[in-house]
There are 4 protein chains.
Amino acid sequence: MSREKGPDHSRRKERSRQAILAAARALVTEETYEKVTVEAIAARAGVGKQTIYRRWPSKSAVVVAALLALSEDADGQSVTLPDTGDLRADLVLVMRATVEEFADPSFDKLIRAVNTELTNDPTLAAEYREKLAGPLDEAKKARLRSAQKAGQLASDADLDLALEMLYAPLFLRWLHRSGPLTTAYADSLVDATLRAFAP
Amino acid sequence: MSREKGPDHSRRKERSRQAILAAARALVTEETYEKVTVEAIAARAGVGKQTIYRRWPSKSAVVVAALLALSEDADGQSVTLPDTGDLRADLVLVMRATVEEFADPSFDKLIRAVNTELTNDPTLAAEYREKLAGPLDEAKKARLRSAQKAGQLASDADLDLALEMLYAPLFLRWLHRSGPLTTAYADSLVDATLRAFAP
Amino acid sequence: MSREKGPDHSRRKERSRQAILAAARALVTEETYEKVTVEAIAARAGVGKQTIYRRWPSKSAVVVAALLALSEDADGQSVTLPDTGDLRADLVLVMRATVEEFADPSFDKLIRAVNTELTNDPTLAAEYREKLAGPLDEAKKARLRSAQKAGQLASDADLDLALEMLYAPLFLRWLHRSGPLTTAYADSLVDATLRAFAP
Amino acid sequence: MSREKGPDHSRRKERSRQAILAAARALVTEETYEKVTVEAIAARAGVGKQTIYRRWPSKSAVVVAALLALSEDADGQSVTLPDTGDLRADLVLVMRATVEEFADPSFDKLIRAVNTELTNDPTLAAEYREKLAGPLDEAKKARLRSAQKAGQLASDADLDLALEMLYAPLFLRWLHRSGPLTTAYADSLVDATLRAFAP
DNA sequence: TCTTAATCGAGACGGTACGTCACGTCTTACA
DNA sequence: TGTAAGACGTGACGTACCGTCTCGATTAAGA
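Residues numbered from 1 in each chain as written. Chains lettered and ligands numbered in written order. Predicted model: local features only at pLDDT ≥ 70, side-chain atom pairs only at ≥ 80, totals over all residues. Heavy atoms only, no water.

### Comments concerning the relation of the copies chain B and chain A
(1) Moving on: The two copies are related by a screw motion: chain B maps onto chain A through a turn of 179° and a shift of 0.0 Å along the axis, at an RMSD of 0.2 Å. In the structure described here, the two chain copies are related by an operation that fits a two-fold rotation axis. Judged by C-alpha distance, Ala196(B) is the residue of chain B that lies nearest the rotation axis, at 2.0 Å.
(2) Moving on: By residue overlap, the copies meet face to face through one surface: 100% of the interface positions of chain B are interface positions in chain A. (Least-squares fit on C-alpha atoms with pLDDT ≥ 70 in both. Contact = heavy atoms within 4.5 Å.)

This is the structure in C-alpha cells:
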C-alpha cells in the first residue's frame, strides 16, 4: 500500500533521532538561546548537520520536536485530571503544579524557546497545539464539564472561556515576567474563575 | 560645568534617528522577521550601521524603540480611559478597540516581533513595561478603582488580578492564534470578569 | 585448485564494471569536470557507490581506468606504426592524426581530465605510462629505429629525445592552449626534428 | 575620471591581500593540494573567508595570483636574458637554471598546482600567459632574434617553434615525471634545437 | 567667512552560522 | 553473497549578517 523506496535503516535512524533531540534539549537548557545553533546541536549529538536537515526544516522545528518528544512517553494513554468531586481543590492542585513547572529553570528556558518559535511559525504552532496543548486542554475541559454536570458550575458556562481565564493570566505573567508566580496567585485565579462561572 | 566637545549636530542626529525607527517599523511590517537585519534597517534608512550601533545595543532594542516611538507623540499628556459611569460599557469599548488593533496586520507583525524580543530580554521588557504597558495598566486600574468606589466592584477586589483576567486571555489567544478574536469574545471576557469581581 | 567461494557472479561484475566506465566517460565528456562526482557516476551507471569503491580507490582512478579501457579492445595485438620507408611521410601522418584527436571536443575533455589526475598522482601516472603511453612510445621508437638503420637518422641519434621533441611541443600547446594546432604546425615539428637528428 | 565609489581602505586592503597570498603560497608548498582549501587559507592568513571571496572568484584564482605575486617584485623592469654572444652558452645557462627551479620541492608543488588550475580554466590561463609566461617568452625570443641577426640561426627559422622545442620537452618530462631532469638532458635539448635551426 | 572637529554614509574587515554538496563508510533488503 | 539504494559522520563550500573598524565627505559651531 505505502510506497516503499528502500531499506529503512530504522535502528540508526532512531538512535540519531534521539541523540539530536536530547542534544537540543540539553543546549536549550544550558545555554543562551542564541547559542543553540544547528551546528552546536549536531556536534553535541555526534551527528552530521545533514542528518538534522534531513528530518527537520529548521532549528525551530527541532526545538519544538524536542519538547514534544518529552511527552511522547505518555503516548497512547490519554491524559486525565484528578476528579475528587471537590472542584476547587482539584483546580488548585493543577494550577499549583503549573506554577511549579514554570519555576524550574530548565523547563522555563525550554518553554520560552518553544514559545518564541511558535509565535512566529503558525505551522509549528498548529502541530504543537494538536499534539500537546490540545489533549491537555481537553482533559481540563473534561474536568470542568464533570463539575458542570454536578451543578458546581453554571449550566450555560462557556468552559473554553473559563479555561482561558484560569490559565492565560498565569502564563502571561510568566512570559512577560510581569509579576511573581506564587501559590497564592494560583489560588486566587481559581477563586476568581469559580466566582465568574458559579451557578 | 559640562564638558564641551564641539558642535552638537542635533538636527542630523534627530533626522537619522527618525529614519532608523521608520525603517525598522517598515521592515518589521513588510517582511518576515528574520529578514529584519541591522544591515537592512541601515540600508533602508540610508544610514551607516555604526549610526545604529551608536544608539542601540542590538536589533531588538531598535525594534522595541520603534514601537515605543509610536506612542511618544502622546507624550506628556497622561493616558486616561473613558469614564461614563457605566463600567461595562467603558470596558467593552476598550476591549473592542484592542481586538481591532490586533486585527491590523502591520500592527500584528510589529507587536509579535516586539513580544518575541521582550520574552527573551528582561531588560527590554522592563523598559517596555515602564514606558508603555505601565502607564496603560495604570489608566485601566484607575477606571476600575473609580468603579470600585462607586460600589460597582467588590470593595476587596484585587484590581491587578481583574485586569489580568480581562486582558491575558485576549492577548494569549492572539499570540498563540488559538481562537478567533471577535467582539463577542471581548464582551464575554468583560462579563465574566465583572461577575468574578462583582460586589 | 582455485578456491570456490560460491555462485559465480562474474557476469554481474563485468556488466557493472562496463556500466561504471561508460558512465564515467560520458560524464567527463558532457559536463564540467567538477560535476563528475562518484555519486553522479554511480547514479548514471545505475550502480551503488560501494560497487565503485570496491574496485577503485578514488574518482581519479575510475577516470583513468575509463580512458585505459578505451584502448583495451586492441589488447594483445601490439601497436605498430606505418612503415612505408618514407620517414617524413609516416611521421606527418601520425602527427596529423594526433592533432585531429586533440580537436575532438569529447576526447579533449577526457584527456584533460586524465592529465590533471596524472599530474597529481604519481601512482596513476605510472599505471598510465605502463599500459598506454609506454607501448605507444615503443611503437614510435621502433619506427625511428628502423629509419636509423636505413640511414635516414644519425646513427648516434638519441631516439627518446627525438620523440620528445616531436610530441612535447604539440602536447603542451594543446594543454596550455598557447597556440593553434594546425596541420602546418604538425608538419613543421616533423621537419625541425628531422633536421635536428639528420645523419 | 575614474568612478570613485567610496573610501579606499587601502592600507588594510593591502595588508590582508599580502597575508592571503602568503598563506596560499605556504599551504600549497607544505600540504597536499587537496588540503589547500579556502577555509585553510583564510585561517592561516587570519582573515575572514569573505575577504578572499571579495577579491577572487575561486581558490584557483588565489593560487595563480599567489604565483604571479612572486614575480611582481621585478615589476617595471623588463626581463632580459644574458647575451654574451655565445648562443649555446647562454641557452645552456637558462635551461640549467630552469632544471634547478623544477628541482626545488616547494616550487615544484606550487607550479604543479598552478598548472592544474590553468589546464582547466582558460581565463586563468590567459591571465597567467599575459602576466608571466608572455614576457618571459618574449625575452627568450629576443635572445634568439639577436642570434639570428648574428647569423647563428637560419634566417628563416621559426623562433616560436624553436622556443617550444627547447622548453616543451623539459616541461613535459617534469609534469609527467617521465624521466630525470639532468644537466645533460638540458644540454642535449639545446644542442638538438641548435642543429634543427642552424643556418 | 572660514576653519575645525564631531558625525555621518559607506562599506571592508575578522568572525560565526547558515544550508548544501560530495566524500568515503555503513546498513538494510533484495535477487 | 554481492548488489542497489541510500543514510550516516565529516568537512568544505559560498553566502548572509554580525559588530567593529577605517575612510572621506558633510555639517554646523565658534573663531
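### Points about the environment of Pro82(A)
All names here are of chain A.
(1) Moving on: With respect to the helices and strands, the residue Pro 82 is situated in the loop between α4 (59-70) and α5 (87-103).
(2) Moving on: For Pro 82, a relative accessible area of 33% gives the class partly exposed.
(3) Moving on: Sequence-wise, Pro 82 and Ala 139 are 57 residues apart; in three dimensions their C-alpha atoms are separated by 9.8 Å.
(4) Moving on: Once you skip the residues sitting within four places of it in the chain, Pro 82 turns out to touch Asp 90, Leu 93 and Arg 143. (Helix = DSSP H or I, 4+ residues; strand = E, 2+ residues; numbered from the N terminus. Buried < 20%, exposed > 50% of the residue type's maximum accessible area, 1.4 Å probe, protein only.)

### Some details on the arrangement of the chains
(1) Moving on: Over all C-alpha pairs, chain A and chain D never come within contact, reaching a minimum spacing of 17 Å.
(2) Moving on: Where chain B comes nearest to chain D, the C-alpha atoms are still 13 Å apart, and the two do not contact one another.

### Digging into the protein's contact with DNA strand E
(1) Moving on: Taken together, 39 residues surround DNA strand E, and among them Tyr53(A), Arg54(B), Gln50(C), Tyr53(C) and Arg55(D) come closest.
(2) Moving on: Near the protein, within 4 Å, the atoms of DNA strand E are sugar or phosphate in 64% of cases.
(3) Moving on: Arg12(D) has a polar side-chain atom sitting 3.3 Å from a sugar or linking oxygen of DNA strand E.
(4) Moving on: The biggest single contributor to the surface near DNA strand E is helix α3 (residues 49-55) of chain B, with four residues.
(5) Moving on: Its residues assigned to classes, the surface near DNA strand E shows eight nonpolar, 14 polar and 17 charged. (Near = heavy atom within 4 Å. Polar contact = N/O pair within 3.5 Å; in protein donor to acceptor, adjacent residues only side chain to side chain. Nonpolar A, V, L, I, M, F, W, Y, C, P; charged D, E, K, R; others polar.)

### A short note on the relation of the copies chain D and chain C
(1) Moving on: Laying chain D over chain C is done by rotating through 180° and shifting 0.0 Å along the axis; what remains is an RMSD of 0.1 Å.
(2) Moving on: With an isologous cut-off of 70% or more, the 100% of interface residues of chain D that recur at the interface of chain C puts this contact in the isologous class.

### So, the UniProt feature "DNA-binding region" (unreviewed entry) in chain A
(1) Moving on: Within this numbering scheme, the UniProt entry marks residues 37-56 of chain A as carrying the feature "DNA-binding region" (unreviewed entry).
(2) Moving on: Spanning residues 37-56 of chain A, this segment combines 75% helix with 0% strand, and its end C-alpha atoms are found 14 Å apart. (UniProt positions renumbered as here; feature names shortened; annotations may be inferred.)

### Concerning the interface of chain D and chain C
(1) Moving on: Of the residues lining the interface, 29 residues belong to chain D; the matching set on chain C comes to 29 residues.
(2) Moving on: For the pair chain D and chain C, the summed buried surface comes to about 2700 Å²; carbon and sulfur atoms form 60% of the total.
(3) Moving on: Considering only the surface of chain D that becomes buried against chain C, Thr119(D), Met165(D) and His176(D) emerge as the three largest contributors, covering 20% of it.
(4) Moving on: Taken together, the connections running from chain D to chain C amount to two salt bridges.
(5) Moving on: In this assembly, chain D and chain C are joined by 16 residue pairs in polar contact (both at pLDDT 80 or more).
(6) Moving on: Listing elements by their share of the side of chain D that touches chain C, those giving two or more residues are α6 (105-120), α7 (122-149), α8 (159-176) and α9 (183-196) of chain D.
(7) Moving on: Broken down by element, the side of chain D that touches chain C gets its largest block of residues, 10 residues, from α8(D).
(8) Moving on: Of the residues belonging to the side of chain D that touches chain C, the class tally is 14 nonpolar, eight polar and seven charged. (Buried area = accessible area lost by both parts, 1.4 Å probe. Salt bridge = Lys/Arg side-chain N within 4 Å of Asp/Glu carboxyl O.)

### Focus on the protein's contact with DNA strand F
(1) Moving on: Around DNA strand F, the surrounding shell holds 45 residues, and the nearest of these are Arg55(A), Gln50(B), Tyr53(B), Arg54(C) and Tyr53(D).
(2) Moving on: Atoms of DNA strand F within 4 Å of the protein belong to the sugar or the phosphate in 64% of instances, the rest to bases.
(3) Moving on: Gly48(C) places a polar main-chain atom, nitrogen or oxygen, 3.3 Å from a phosphate oxygen of DNA strand F.
(4) Moving on: Interatomic distance of 2.2 Å between a side-chain N/O atom of Tyr53(D) and a phosphate oxygen of DNA strand F.
(5) Moving on: Looking at the surface near DNA strand F residue by residue, the class counts come to nine nonpolar, 15 polar and 21 charged.

### Examining the interface of chain B and chain A
(1) Moving on: Residue-level contacts link 29 residues of chain B with 29 residues of chain A.
(2) Moving on: Summed over both partners, the interface of chain B with chain A comes to about 2700 Å²; 60% of that surface belongs to carbon and sulfur atoms.
(3) Moving on: Of all residues in chain B, Thr119(B), Met165(B) and His176(B) give up the largest surface area on contact with chain A, accounting jointly for 20% of the area buried on that side.
(4) Moving on: Summed over the shared surface of chain B and chain A, the result is two salt bridges.
(5) Moving on: As a salt-bridge pair, Glu164(B) and Arg173(A) come within 2.8 Å of each other at their nearest N and O atoms.
(6) Moving on: At the junction of chain B with chain A, the criterion picks out 16 residue pairs in polar contact (both at pLDDT 80 or more).
(7) Moving on: Every element with two or more residues in the side of chain B that touches chain A is listed here: α6 (105-120), α7 (122-149), α8 (159-176) and α9 (183-196) of chain B.
(8) Moving on: Among the elements that take part in the side of chain B that touches chain A, α8(B) stands out by supplying 10 residues, more than any other.
(9) Moving on: Split into classes, the residues belonging to the side of chain B that touches chain A amount to 14 nonpolar, eight polar and seven charged.

### Quick notes on the side chain of Thr51(D)
Residue and element names in this part refer to chain D.
(1) Moving on: Positionally, Thr 51 belongs in helix α3 (residues 49-55).
(2) Moving on: Judged by relative accessible area, Thr 51 falls into the buried class, the value being 17%.
(3) Moving on: In this structure the side chain of Thr 51 is engaged in a polar contact, spanning 3.4 Å, whose partner is the side chain of Arg 54.
(4) Moving on: Not counting residues within four places of it along the chain, the set of residues in contact with Thr 51 comprises Ser 16 and Ile 20.

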